[in-house]
Amino acid sequence: QVQLVESGGGLVQAGDSLRLSCAASGRTFSNFAMAWFRQAPGKGREFVAGINWSGGSTIYADSVKGRFTISRDNAKNTLYLQMSTLKPEDTSVYYCAVPRDGSYLPTLRLEYTYWGQGTQVTVSS
């Protein structure tokens, strides 16, 4: 079992920055890949960014590439998402997640087993 708790969401203006955190517990944090997803009202949950167990490999959705940075601190059991140059279309609930097989980094939602409760990010124009 893995428990995930996101924090750091809020209301910001377009162009601002925000950093999300995800605290993990229940399993050895450094043993598995992790990812951030987001879900806007009326839309499906979409992949945002992922990182492998060591932090040496990352993947980004095209919509956030160059603006968002995913990272992890294995000593603190914490995953981060640094978001810059935020746009109104980034408004969503953001979730961190752990895949069923933590040894690789999938981008499909169905590959992920453990989810946090989500944190709301609202970007005003």
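Preceding this section is the structure that the text describes.
What you are looking at is a predicted structure, and each value in this text was computed from that prediction instead of being measured.

Draft legend 1. Structural detail: unusual backbone geometry. Here Asn77, not a glycine, exhibits a phi torsion of approximately 55°, which is positive. As for its placement among the helices and strands, Asn77 is situated in the loop between strand S7 (68-73) and strand S8 (78-83). Unusually for a residue other than glycine, Thr85 sits at a positive phi of about 45°. If you trace the backbone, Thr85 turns up in the loop between S8 and strand S9 (92-99). With a relative accessible area of 47%, Thr85 lands in the partly exposed category.

Draft legend 2. Layout of the nonpolar core. Of all hydrophobic cores here, the largest spans 29 residues; its most connected members are Leu4, Met34, Trp36, Leu79, Leu81, Met83 and Tyr94. Those elements that provide at least two residues to this core are strand S3 (18-25), strand S4 (34-39), strand S5 (46-51), S7, S8, S9 and strand S11 (119-124). Here this core takes 4 residues from S3, the largest share from any one element. Tyr94 has contacts with Glu6, Leu20, Trp36, Phe37, Arg38, Val48, Phe68, Leu81, Met83, Gly118, Thr119 and Val121, leaving out every residue within four places of it along the chain.

Draft legend 3. The packing of aromatic side chains, seen in detail. For the coordinates displayed, the defined rule picks out 5 aromatic pairs. Both rings, one in Phe37 and one in Tyr112, keep their centres 5.0 Å apart while their planes meet at 75°; by these two values the pair is edge-to-face. Of this pair, Phe37 sits in strand S4 while Tyr112 sits in strand S10 (residues 112-115), and the two are 75 residues apart along the sequence. Here the two residues Phe37 and Tyr112 agree in accessibility, since each one is buried. Between Tyr95 and Trp115 the ring centres are 6.4 Å apart and the planes differ by 85°, which places this aromatic pair in the edge-to-face class. Pair noted here: Tyr95 is in strand S9 and Trp115 is in strand S10, with a separation of 20 residues, a long-range link. Residue Trp115 is classed as partly exposed on the basis of its relative accessible area, which comes to 24%. Chaining the aromatic ring pairs together yields one cluster made of Phe37, Phe47, Tyr95, Tyr112 and Trp115.

Basis of the calculations
- Residues numbered from 1 in each chain as written.
- Predicted model: local features only at pLDDT ≥ 70, side-chain atom pairs only at ≥ 80, totals over all residues.
- Heavy atoms only, no water.
- Helix = DSSP H or I, 4+ residues; strand = E, 2+ residues; numbered from the N terminus.
- Buried < 20%, exposed > 50% of the residue type's maximum accessible area, 1.4 Å probe, protein only.
- Core = buried A, V, L, I, M, F, W, Y, C linked by side-chain atoms within 4.5 Å.
- Contact = heavy atoms within 4.5 Å.
- Phe/Tyr/Trp six-rings, centres within 6.5 Å; stacked < 30°, edge-to-face > 60°.

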